[in-house]
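# Descriptive analysis of the structure
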Amino acid sequence: ERWRVSAEQAKAESALRGLEEERRSMTQHVAMEREELERAKSALLEEQQAVMQRCAEERRKLAAEWTQFHTQEKVRQDRAEREANRALEREAHREGSIISIAQIEHPHTVLPDGAVGVEME
C-alpha cells in the first residue's frame, strides 16, 4: 500500500512539475506577445505622429499659399481699379479739352447737354 501511495505521489508531483513548466512556458509566451504588441503599438503611434506632423505642415503651407494668393489677388484688383479710374480721368480730361477747344473755336454754339461749344452735325 505504501508503495502504491508513493507511486501516486510521485506521479502527482511529476504532473504538477509538468503543469508548472507549461504555466511558465505560457507566461513567457504571453509576455513575449505582449512585448511584440507594445512594439507594434509604439511603431503605429510614431507613424501616426509623423503623419499628423506632415498634415500640419501641409495645412501651414496651404494657409501660406492661400494668404499669398489672396494678397496678390487684392493687389491685382486694386491695380485694376486704379487703372480704370485713371482711364476714366484721362477720358474726362480729353473730353474737357475737346469741349474747351470747341468753345474757343465756336464760342456761341450750345450743345445738347446745355454746354456751350461745338454743335454736332
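Numbers given to residues run from 1 along each chain, matching the order in which its sequence is written. In view of the model being predicted, local features appear only for residues whose pLDDT reaches at least 70, and side-chain atom pairs are presented and counted only at 80 or more, with totals across whole chains, interfaces and linings using the full set of residues. No hydrogens and no water enter the side-chain calculation; it runs on all heavy atoms of the structure.

Where helices and strands are cited, they refer to DSSP runs of H or I of at least four residues and of E of at least two residues respectively, numbered from the N terminus. A count of helical and extended segments in the protein gives one helix and zero strands. Only the protein chains shown count as cover for residues, and all accessible areas are computed by the Shrake-Rupley method using a 1.4 Å probe. As displayed, the protein offers around 11300 Å² of accessible surface, 57% of which is attributable to carbon and sulfur atoms.

A separate point is a positive patch on the surface. Together, Arg79, Arg82, Arg86 and Arg90 give the surface a local cluster of positive charge. Mapped onto the elements, Arg90 comes out in helix H1 (residues 2-105). Arg90 sits in the exposed class, given a relative accessible area of 53%. A patch consists of residues exposed above 30% relative accessible area that lack any salt bridge, with like charges linked at up to 9 Å and nonpolar side chains (Val, Leu, Ile, Met, Phe, Trp, Tyr) linked at up to 5 Å. Salt bridges are identified by distance alone: a Lys or Arg side-chain nitrogen within 4 Å of an Asp or Glu carboxyl oxygen. All tallies of charge rest on Lys and Arg as positive and Asp and Glu as negative; His and the ends of each chain are not included. A charge is said to be at NZ when it belongs to Lys, at CZ for Arg, at CG for Asp and at CD for Glu. Per-residue accessibility, obtained with a 1.4 Å probe over protein chains only, is compared with the maximum for each type, and a residue is labelled buried under 20%, exposed over 50%, and partly exposed between these values.

We call Phe, Tyr and Trp rings a pair once their centres come within 6.5 Å, taking the six-membered ring for Trp, and we label the pair stacked below 30 degrees between planes, edge-to-face above 60, and tilted otherwise. One pass over the structure, following the stated rule, counts one aromatic pair. A centroid spacing of 5.6 Å and a plane angle of 35 degrees characterise the contact between Trp66 and Phe69, whose relative ring orientation is tilted. With Trp66 and Phe69 both in helix H1 and three residues apart, this pair spans about one turn of that helix.

Enumeration according to the criterion identifies six salt bridges in this entry. The salt bridge involving Arg24 is made with Glu21; its shortest N-O contact spans 3.1 Å. Of this pair, Arg24 and Glu21 both sit in helix H1, separated by three residues, roughly a single helical turn. The exposure class of Arg24 is partly exposed, given its relative accessible area of 45%.

The subject of this paragraph is the confidence of the model for the protein. Any segment with low pLDDT has predicted coordinates that should not be analysed in fine detail. Taken residue by residue, the protein gives an average pLDDT of 90. The fraction at 70 or more is 88%. pLDDT is a per-residue confidence score from the predictor, ranging from 0 to 100. By definition, residues are in contact when any of their heavy atoms lie within 4.5 Å. Taken as a whole, residues 116-121 scores under 50 in pLDDT and shows 18 contacts with residues more than four places along the chain or in a different chain.

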